[in-house]
Amino acid sequence: MASYVKSKLKAAKEAIGKKDWETARDASEGVLNYEASNYHANVFLGLALLNLEQFQASEKAYRRAIESAPMQPLAWQGLASFYERRENWDRYVQVLEELMELFNDANDPTRLAETLQKLLAHRRLRSTPLELADALALLLPSSRYYPVLSQLPEPEPTAPLKTTTFATQEAVHDALPVLLELVGIHEKEEGEWRRREVEKRRTRLNAPTRDALQREVGLEAAEKSKLPPLYNEVLNHPSTSDDLRRSTESALLRFHHAHLLSLPAPPSPSEIALIKKKPAPADVEAQQARKDALRAEVQEMVRGMVLLNIPDELAWIVAVEWEDREKLDNYDPDLLRRFRRLFPQHGLSTLISGYLSYFAVEFEPYEDEPPSVPYDEALDLIITGFEASPDSLFAHRVLSEAYLWEEDWENASGVAEAGLELVRRLEKDIGRPLPETTVTLQTTFAVSLTHLHPPQHHPRALGLLSSVLSSRPASVPALMARGVVLQHAGKWADARGVFARVRELDAGDAGLEAWEEESWCAVMEGRGEEGREGLEGVLEVLEQTEGRELQKARAWWRLGKTFWEMGDDRRQTSYSHFITSIKRVPTYAPSFTALGLFYLHASDPPDHARASKCFQKAFELDPRENEAAQWLADGFADEREWDLVEIVARRTVEGEGGTPEELVKGRYLSRNAWAWKAIGVVELSRQNYPGAIQAFQIALRAEPKDVSSWLRLGEAYAAAGRHAAALKTFSRAHELHPDNWLASYATADVQRQLGLYQPAIDLLEDVLGRRPGELGVLAVLAQTHLALGRTEFATGFTARCGVSLRAVLERAEQVVRSERHLRMVWKTVGDAATELAKLPGFEDPEKLHAALAPLLAVLQEEQLEEKASYPGTFSLSSLLSTPPTELQPPALRDVAVAAYQYCILLDFGEPESVSTSWYDLALALHARGDEKNRKYALGTVRQALAFEPFNENFWNALGNLSFERDVKLAQHSYIKAIECDPRNALFWTNLGCLYLAQHDLELSNAAFLRAQTLDPDYVLAWVGQALVASASGDVVDSRVLFEHAFTISYGAELESDFNYASRVFALFSPDSAQQPASGGLHAPSYALQRFTEMRPDDPAGLHLHALVCERLGQLDLAAEQIDKAIALLVSAYEESESAELETQFAMANASLGRIRLALKDYAAAADAFSSAASLTPAGASDPRSQLLRCQAQFGLGVVRFFQDDREGSLEALQAALEDLPAERKEARGHVAVLLAQTLWSMGGEELRDAAKGQLLDFISTDADNLGAITALAAIGTLTDDDGLVDAALAEILAMPIDKRLALDPARDVDRLLVQHHLSAGNLPKARFTLSRALHAQPASARASQDLASSLFRDNERDLARRVALGRTDPRDPASLRLAAFAKAQGSTAGDERQEPVVVDRQEYVRDVGLREAQRAVMLAPWDADNWRVLAAVRLAEAAA
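About the thresholds
Residues numbered from 1 in each chain as written. Predicted model: local features only at pLDDT ≥ 70, side-chain atom pairs only at ≥ 80, totals over all residues. Heavy atoms only, no water. Core = buried A, V, L, I, M, F, W, Y, C linked by side-chain atoms within 4.5 Å. Buried < 20%, exposed > 50% of the residue type's maximum accessible area, 1.4 Å probe, protein only. Helix = DSSP H or I, 4+ residues; strand = E, 2+ residues; numbered from the N terminus. Contact = heavy atoms within 4.5 Å. Salt bridge = Lys/Arg side-chain N within 4 Å of Asp/Glu carboxyl O. Patch = residues over 30% accessible without salt bridge, like charges linked within 9 Å, V, L, I, M, F, W, Y side chains within 5 Å. Areas by Shrake-Rupley, 256 points an atom, 1.4 Å probe, with all protein chains shown as cover. Lys, Arg positive; Asp, Glu negative; His and termini not counted. Charge placed at Lys NZ, Arg CZ, Asp CG, Glu CD. Expected span 1.5 Å × (residues − 1). Axes fitted to C-alpha atoms, helices over the stretch in contact; angles between N-to-C directions. Parallel < 35°, antiparallel > 145°, perpendicular 65-115°, else oblique. Left-handed = near helix turned anticlockwise from the far one by under 90°. Phe/Tyr/Trp six-rings, centres within 6.5 Å; stacked < 30°, edge-to-face > 60°. Lys NZ or Arg CZ within 6 Å of the ring centre and 35° of its normal.

## Some remarks on the nonpolar core
Here is step 1 of the chain: By size, the foremost hydrophobic cluster in this structure holds 184 residues, and its most contacted members are L149, Y355 and F394.
Here is step 2 of the chain: Element by element, the count of residues in this core is highest for helix α22 (residues 409–430), at 9 residues.
Here is step 3 of the chain: Leave out the neighbours within four places in its chain, and F394 touches V320, E321, L328, Y331, L336, L348, L351, I352 and Y355.
Here is step 4 of the chain: Membership of the second largest hydrophobic core comes to 91 residues, among which are V815, L855, C903 and Y919.

## Looking at the pattern of salt bridges
Here is step 1 of the chain: Tallied over the entire structure, the rule returns 71 salt bridges.
Here is step 2 of the chain: For R290, the salt bridge is made with E223, and the minimal N-O distance between the two is 2.3 Å. Placement of the pair is R290 in helix α16 (residues 281–307) and E223 in helix α12 (residues 210–223), with a sequence separation of 67 residues.
Here is step 3 of the chain: Of the charged contacts, one joins D831 and R790 as a salt bridge, the two residues approaching to 3.9 Å between their closest N and O atoms. Of this pair, D831 sits in helix α44 (residues 823–836) while R790 sits in helix α42 (residues 775–794), and the two are 41 residues apart along the sequence.
Here is step 4 of the chain: Looking at D831, the relative accessible area reads 9%, which means it is buried.
Here is step 5 of the chain: Overall, R790 belongs to the partly exposed group, its relative accessible area being 37%.

## What to know about a negative patch on the surface
Here is step 1 of the chain: Together, D634, D638, E639 and E641 give the surface a local cluster of negative charge.
Here is step 2 of the chain: Structurally, D634 can be placed in helix α33 (residues 626–638).

## Describing helix α74 (residues 1373–1384)
Here is step 1 of the chain: For α74, with 12 residues, the first-to-last C-alpha span of 16 Å sits near the 16 Å given by 1.5 Å per residue.
Here is step 2 of the chain: For α74, a buried count of 11 out of 12 residues is recorded, marking the element as mostly surrounded by other parts of the structure.
Here is step 3 of the chain: Buried within α74 are the following residues: P1373, A1374, S1375, L1376, R1377, L1378, A1379, A1380, A1382, K1383 and A1384.

## Quick word on the packing of helix α59 (residues 1099–1112) against helix α61 (residues 1139–1158)
When two helices pack together, their arrangement is given by the angle between their axes and by how far apart the axes lie.
Here is step 1 of the chain: Where α59 contacts α61, the two axes come as close as 11 Å, and the packing angle between them is 25°. Taken as axis vectors, α59 and α61 run roughly parallel relative to one another. The crossing of α59 and α61 is left-handed. Note on element contacts: α61 touches α59 through M1147, A1148, S1151, R1154 and I1155, opposite H1103, A1106, L1107 and E1110.

## Re the packing of aromatic side chains
Here is step 1 of the chain: Tallying each qualifying case throughout the model produces 21 aromatic pairs.
Here is step 2 of the chain: Relative to Y83, the ring of F82 lies with its centre 5.4 Å away and its plane at 65°, an arrangement referred to as edge-to-face. Both residues of the pair, F82 and Y83, count as buried.
Here is step 3 of the chain: Each ring, one from W89 and one from Y92, has its centre 5.8 Å from the other, and the planes form 80°; the classification is edge-to-face. Taken together, the residues span about one helical turn, with W89 and Y92 both in helix α6 (residues 89–105) at a distance of 3 residues.
Here is step 4 of the chain: The structure contains a cluster of three or more aromatic residues connected by ring pairs, namely Y331, Y355, Y358, F359, Y375, F394 and W405.
Here is step 5 of the chain: Directly above the ring of W89 sits R126, whose terminal nitrogen or CZ lies 3.9 Å from the centroid.
Here is step 6 of the chain: For R651, the ring lying beneath its charged end belongs to F619, and the centroid distance is 4.9 Å.

## Focus: the environment of S731
Here is step 1 of the chain: The residue S731 is located in helix α39 (residues 723–736) in this model.
Here is step 2 of the chain: Since its relative accessible area comes to 35%, S731 is described here as partly exposed.
Here is step 3 of the chain: Linking S731 and G714, residues 17 residues apart in sequence, is a C-alpha distance of 9.3 Å.

Structure representation (structure tokens):
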């Protein structure tokens, strides 16, 4: 068996050598058939099957071989080849790693190296950089394979192909290239990972800031980074060059530095106190220990680099920035100069150069050290370096102290504050406090705030000073600053104590300055002699010292002020001290202010000129000289130089510092409230209301009890349209000063602007009670009454309007009694007269005349008629002589003309207001209506335009005045008005009316639409569009538009009233297919009532109102209105004798006759009809005259019938029939039927036969006259003439249903047919007729009502309810009445289509039936049937 196996194995091996894979497979399988676990047979089989591409079987063969001998490498190598060929790289790597373990265990360096080389080759081609790094790490001494690999001989560079492991030999005997490659891979991968993580986490909800994210991700990266040991291995490698060592050290420093900054600082005790879940002390200590260790490591590296002068920028910056020194002098100048030498282009180097020169730092220069810059250029270098290094803490310290030396308090405070923020950030970053740096910057910041616009920032300064003095109680700058703060607070004794402490600590310059301040505090305490002695002692020292001129000037000024405060004769002594102060420093502003006060108050006589010059000089030198500024502003205000007042005020508030926004928010209070008040007044005069409001708010924050500022603020609010705020402001002013009438007056004025006229009048009356002669209050009260009167007129309260307008004249007379030359009052008089002229009449003409007479007398005394621009346009004497009872509205137009002409005289030389007066006069002249006055009006409005050519109202008036005279001028005027104000709906409406008058409907409609867009509530725009629709023949749209205009105007616009009513009334014409319910005429009746009240002389309106009242059954009112119309027509006819008026008079008499007939006043009706007939001659060809005469004869016939004058009735009706031409079939039909009815009523067979014959004759000529056919059928029914009835009904039924409905819109024929069938006892036929009528007109409420009523009578309640509830018209009382009755009958089982299932019948009746019955009563309370149904519903409810 063994020989067989060997022979087969040999054969397999030979076949493999020959690449005879099938033979090799067979031979190997032969072996395995006898020895299944034969290692070599499985290996040979796996190789053969691999080449035969039987991959699954090949892998299994290799795996069997490995299982049988896992420590043998041959099968593993075959499996590696298999996976490599199959490109199964994960398993390929696993197999290589297994082989490496086998060779490592076998201590076979060559084969281990070869396998590792394969792994590296694979990783370089097909793996990620980190996987390659893991493979490269296997070559390092820290690798577990290194002991075996190190047995490889050193490489021979001249014979690299001598061995198969040359690359591994190089790497093992010189690991530096591998280390560098690993460093490069990890640096790149960690950088990419940081970038990706930051971008990914930024997209999360509630993500922190980018800086916080970078720190968080950086900390994670540093914690798991492999770079530090790699950097150390590079540094420790013997082959590392100096340059490589420096770059590696730099990289390691940056790594540790970044790690330190990303490591969170442990919370401070104050922060721990705010945390709910307190951290464990051990955790805090551990966190601090990590931070300390990292910081120590960084500092150690930095010290080494600085010691060796290695030019690593980060190391040197850390060395400079992390220094914690109390003073700048404590910084090592050698360190700073070395930094400048290594990094000459760095911004910090520029700053160091400026610092060394500016602060005169002493040092021994190097041979090649650059020369020092001049002192006057040093500050510029510091600023340049600071701008180049904005994150440098050292730069902030240097620049803040330089600004402090320069007394640039604003910049010093800004830089110091930014430096403190940098300190806080650096302390958190490095985990170490910097107390000396913090205190120094706090001191600089506090001193700067103390002197920056004092005392604006003193609260902040005090907090900082307390912090500084708690750690440095002997800090002279902090103590001096604290003393200054106390001085500004008026705490002179406390300030003296602080300055005394400074004198104890410092005997030098600071002590001398403290002595001066201490002495000044004594002066301000009232201890003048002590202060004087101190100041004289200070001056004695100062005068012996070179320089310090500013301190000398201040001391001399203070000494002068000391003598000034002592008063009496010593004030004269102060003069010389002020002069000496100015000699020391000619630009010292307080001395000029003091000198100005001396000239003003101590000079005899006062020298105002010199004082003014001194104040101007002081203010020019320093706008913070508030006393000088206020004196200048008061002087300029007295001279009404408002521009100069504003300049002084604005410069004063600019000297305060800060922004208006900070003042408004109350961050600090202004010290110059007077300046802000002045600015507010100027802004108010310029109509810059937001600016004025802001200024007054700032002033009030400083002086919250200043009533004048509250009043001015309210005025600004009101002018800006913020009326609610204005009212609150005036209320506050009234609370502060209840006796101040101006607050009440201003409140009333705002109420007037809001339209609250009556409260405003009440308040003004109250003010007048306290100040009865105040002309301004009287004038505003008159204007308020005028506005109230206009509102009352617009809303239809004409009587109230008259009372209000009379009050205008009464108040105006009170003003004129004291001052007759006030233009505003006379304009108010003219406006009131114009409004009075629009009224239909006066309720109390005696009182009106009494109010007018004094005003007219004044105009007469002023000889206005002789001075007027248009003499003869009015007569004052005539107006005065008119009895009160004869005073009519047109006479008030003369009063308006006179008042406006007097306004023109008062406006002479004032073009700003005279233009308005010309405009008012033009409108008043035009309102008079005659041609002469219209010409005057046209010239007058041109005069107004000459003064004010861009006034849109003047152009609009010119367009109105030239509307009929000159169409082109009118169009030009309207377009000019629109150009001046394109958003005014009135101008667009007027232009639309002009186009409409010229029959250009398209342009007209476009103009009206634009007006509606600009102001949807402007009534005339809708009226105009309605007129366009009417002109286009669109009756429905016209009616809807007029109705909308009437609705939004509440009946105040007369044009919409009349047109709306006329178009609704047209629906009730006999020609209308479907007449609405009479209840629809109530709104038109109200509109016509308003119209006739405002235009009582319009006969058309009165006539139409009478017709509407007739339809509504208001016959008495109808008769009254038609009588008025007839009286007006008679009066007008007597003047013109117009044929059209004669026709209108005839029509009015016909209407009057019909109304009188309805009132059963037969005699008056006969007179009216006779008058109408007499005015329309027989045989007239005019269709209107024909119908009018027919109506008169017809009515006369009816009247005589009711007067029992049958012969006269027949005669009148016969005449009416004869006068109508044959083509007037409809009218002839009505007359013929009435004639037949009259003949029938007279009795007798002969006359009844005559009636029947009359109808038959007429039907023979007009077979489609349903009225005649119906009457004939009725005669047949009455006489039991079935043949006649059948013939008549046959004629009716033979007509097509649509034709019959067109001829009989009231459905009289259907009712006749139903009555006929009912009289014959044929109920099914009657119901069929009603059902057919409903099918023919399914939308007809009347048809459904008839059918439902019939069903109820027949006790078919279920079916009746379905029909009744099928269609309910909420505007028709009959429909509502029937629906309510149907609901009251109870619910029908199974009837779910018409109503929901009702559980509680009583609730159903109450909620539905009762509501509909009540609505029917509300719509037609005069209809008894509605009340009966309501009672039935109530009974049903009670019974339920």
